[in-house]
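Okay, here's what each chain looks like letter by letter:
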Amino acid sequence: MGMGSQARAASYGTPSLALSAAYLSGAVGASGDPVVQVTVGQSGADAAALTVTVSKSSKTSVATTGDVTFTGTGAARQVAVAARGQGYTDLTVKVTGVDGQTATKTLHYAASAAVQQSADSRYFTGSSDASAAVDVGGGYVVVADDESNSLRLYDRSTSGAPVKTWDFSSNIGVSKEIDIEGAARVGDTIYWTGSLGNNKDGVYKSARNTVFTTKVTGSGASTALSYAGSYAKLRDDLVAWDEANGDRYGFAAGTADGQVPKQIDGFNVEGLEFAPGSTTTAYIGFRAPLTPAVTGGKALLVPVTNIDKVVGSGASATFGTPVELDLGGLSVRDIRKNAANQYLIVAGSWAADDNTDPYALYSWDGDPAHAPVKRVDLPTSDPGGWESVVDVPDLTVSGARAQLITDNGSADLYGDGTEAKDLTHAEWKKSRATWFTVTS
């Protein structure tokens, strides 16, 4: 009888277990956290008869075995984790075969802390430094990163990794980061701009003086981007224009060697959007300087009146009358409009500390003579800084909502003192997208 049992056991192979990713990030209290695909099998056995469990958690304050759920049948399963605390834990995923044989894999899990609006939050993983975003229809968005030159396509409704990724560095002819901070779409063309400022140490880096365009084909998950053109002298054009007009905004001083960009009198671009009704005039939105800087006054928009020719044929930029907006002492961190020329402006500090400085969302009708209207104060207790507004709803409709995205690069997501941009594993890097109600 014993020999018969051994013979039956020998007829099955050792179970197989594979994870689509070895690293997974979640958030306490979040909805729609990412999942990992689990593939199991056993020679000579029906995969549906195999049992998949988590047999051990290395830190139960982050997640216990009971906080892990599996869905799916047969060879394809999914594992999801409901975090109970911030931090890291190793979860031992185990498959048990029909004959009791087992196989295990380790899933390295990290959980960020609970945040405001957690039910309306989604986490875009693979990067922590979201800096500009453009809606491409069908519920998808292309997100730029200011620590690399990658553009990533995400499903706006779910948390997880990008569907597609593009990097046009070789087309542009740069090897260093452009520090992409602003974007605007007109027709099938998306314009992307670097910050145009010095780096954090006050050193000029030529790659940051880049504006480039991509052509969009398709929409939603089928969106494709192709390189269209670039321009590398917009900063120089802005400085020359300001000097020719009495050095009103101090651009020459703000771009001087040793000048840190994130100062009230610095030089740092973070917004880009087209003027009302125009396909050729684009507003450059400044994080710094404020004007006048000595009083911490108004936020600055400078119209580039020939942006199409600047990037399309390398023409020197020409400029219109600057627009100065009262954002309550804050500056432009992003600006976006809809087809009805209704604008939303993400307002934040010119300073470098994104984790404590105030943020607010303003609407504006595009008339330089009209003041923006504060719609909502944005949370400041959450990690990261509010950097992007994806699109603008109809602001005449009650209860309209807009989705904003954070730059979490300097945030300590997991409570161990590590800034998100320095995390070893891309799956643990993430920016947060959250919906806010902007009309009453």
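Residues numbered from 1 in each chain as written. Predicted model: local features only at pLDDT ≥ 70, side-chain atom pairs only at ≥ 80, totals over all residues. Heavy atoms only, no water.

**Q** Any chance you could break down the overall build of the protein chain for me, citing the residues and the numbers?
**A** Helix and strand content of the protein chain: 5 helices and 28 strands. Expected size for 440 residues packed as a compact globule is a radius of gyration near 22 Å; at 25 Å, the protein chain falls within 12% of this value. In terms of overall dimensions, the protein chain has C-alpha extents of about 100 × 45 × 40 Å along its principal axes. Buried positions account for 53% of the 440 residues belonging to the protein chain. Long-range contacts, defined here as pairs at least 24 residues apart, represent 59% of the contacts in the protein chain between residues at least 6 apart. Roughly 16,900 Å² of accessible area belongs to the protein chain as shown, and the carbon and sulfur atoms make up 49% of that amount. (Helix = DSSP H or I, 4+ residues; strand = E, 2+ residues; numbered from the N terminus. Rg over C-alpha atoms; globule rule 2.2 N^0.38 Å. Buried < 20%, exposed > 50% of the residue type's maximum accessible area, 1.4 Å probe, protein only. Contact = heavy atoms within 4.5 Å. Areas by Shrake-Rupley, 256 points an atom, 1.4 Å probe, with all protein chains shown as cover.)

**Q** Run through the sheet that holds strand β24 (residues 359–364), naming residues and quoting values.
**A** Strand order in the open sheet formed by 4 strands is β22-β23-β24-β25, and the pairing between neighbours is antiparallel. Looking at strand neighbours, the two that pair on one side only are β22 (331–337) and β25 (373–378), the edges of this open sheet. Neighbour to neighbour, the strand axes of the sheet diverge by 20° on average, direction disregarded. Here 5 bridges tie β24 to β25, and the two strands are oriented antiparallel to one another. (Pairing = 2+ DSSP bridges. Axes fitted to C-alpha atoms, helices over the stretch in contact; angles between N-to-C directions.)

**Q** Now, about a negative patch on the surface: what can you tell me, with residues and values included?
**A** A cluster of acidic residues, Asp412, Asp416, Glu419 and Asp422, forms a negative patch on the protein surface. With a relative accessible area of 33%, Asp412 lands in the partly exposed category. (Patch = residues over 30% accessible without salt bridge, like charges linked within 9 Å, V, L, I, M, F, W, Y side chains within 5 Å. Salt bridge = Lys/Arg side-chain N within 4 Å of Asp/Glu carboxyl O. Lys, Arg positive; Asp, Glu negative; His and termini not counted. Charge placed at Lys NZ, Arg CZ, Asp CG, Glu CD.)

**Q** I'd like to hear about the environment of Ala48, residue by residue, with values.
**A** Along the chain, Ala48 falls in the loop between β3 (36–41) and β4 (51–57). What Ala48 contacts, discounting residues up to four positions off in sequence, is Gly74 and Arg77.

**Q** So what's going on with helix α3 (residues 234–244)? Which residues, and what values?
**A** Within the sequence span of α3, burial applies to Leu234, Arg235, Asp237, Leu238, Val239, Trp241 and Asp242. Those residues of α3 that are buried are in contact with β16 (211–217), β17 (224–231), α4 (251–254), β19 (282–288) and β20 (299–304). The first or second residue beyond α3 is Gly246, which carries a positive phi of 85°.

**Q** Tell me about the pattern of salt bridges, and please be specific about residues and values.
**A** Proximity of charged atoms lets side chains of opposite charge pair with each other. Across all of its chains, the model carries 16 salt bridges by this definition. Among the ionic pairs, Arg208 bridges to Asp179, the shortest N-O distance being 3.0 Å. Here Arg208 is found in the loop between β15 (189–194) and β16, whereas its partner Asp179 is found in the loop between α2 (169–172) and β14 (180–186), with 29 residues between them in sequence. Just as Arg208 is buried, Asp179 falls in that class too. Ionic pairing is found between Arg333 and Glu270, a salt bridge with its closest N-O pair at 3.0 Å. Of this pair, Arg333 sits in strand β22 while Glu270 sits in strand β18 (residues 268–274); the two residues are 63 residues apart in sequence, bridging distant segments of the chain. In this pair, the class of Arg333 matches that of Glu270, namely buried. Overlapping salt bridges, with partners in common, bring together Glu270, Arg287, Arg333 and Glu387 in one network.

**Q** Break down the nonpolar core for me, with residues and values.
**A** If you look at soluble globular proteins, the nonpolar side chains tend to sit buried side by side. If you look at the biggest cluster of nonpolar residues, it comprises 27 residues, and the most contacted ones within it are Leu234, Leu238, Phe251, Phe286, Val304 and Phe319. Among the secondary structure elements, those contributing two or more residues to this core are β14, α3, β18, β19, β20 and α5 (307–313). Here this core takes 4 residues from α3, the largest share from any one element. Once you skip the residues sitting within four places of it in the chain, Leu238 turns out to touch Leu196, Phe251, Phe267, Phe286, Val302 and Phe319. Within the second largest apolar cluster, 24 residues are counted, among which are Leu50, Ala63, Val81 and Leu107. (Core = buried A, V, L, I, M, F, W, Y, C linked by side-chain atoms within 4.5 Å.)

**Q** Can you break down the packing of aromatic side chains residue by residue, with the values?
**A** A complete count under the given rule lists 19 aromatic pairs for this structure. Ring centres of Tyr88 and Trp428 lie 5.0 Å apart, and the angle between their planes is 50°; on these two criteria the pair is classed as tilted. Of the two residues, Tyr88 sits in strand β7 (residues 87–96) while Trp428 sits in the loop between β27 (401–407) and β28 (430–437), which places them 340 residues apart along the sequence. The exposure class assigned to Tyr88 is partly exposed, which follows from its relative accessible area of 24%. Judged by centre distance (5.5 Å) and plane angle (70°), the ring pair of Phe267 and Phe286 falls under edge-to-face. Of the two residues, Phe267 is situated in the loop between α4 and β18 and Phe286 in strand β19; the sequence distance between them amounts to 19 residues. Among the residues examined, Phe286 registers a relative accessible area of 0% and is labelled buried. Among the aromatic residues, those joined into a ring-pair cluster are Trp241, Tyr249, Phe251, Phe267, Phe286 and Phe319. Residue placement shows Lys430 over the ring face of Tyr123; its charged tip is 4.2 Å from the ring centre. (Phe/Tyr/Trp six-rings, centres within 6.5 Å; stacked < 30°, edge-to-face > 60°. Lys NZ or Arg CZ within 6 Å of the ring centre and 35° of its normal.)

**Q** Residues and numbers for the pairing of strand β11 (residues 140–145), please.
**A** Where burial is concerned, most of β11 is hidden: 6 out of the 6 residues are buried. Of the two faces of β11, both are covered, the one formed by Tyr140, Val142 and Ala144 as well as the one formed by Val141, Val143 and Asp145. Counted between consecutive antiparallel strands, the loop separating strand β10 (residues 130–137) from β11 contains 2 residues, among which Gly138 sits at a positive phi close to 65°. Pairing between β11 and strand β12 (residues 150–155): 5 bridges, direction antiparallel. Residue pairing for β12: Val143 is matched across the bridge by Arg152. Where β11 folds back on β12, the antiparallel hairpin that results is connected by 4 residues.

Coordinates in, geometry out; function isn't part of it.
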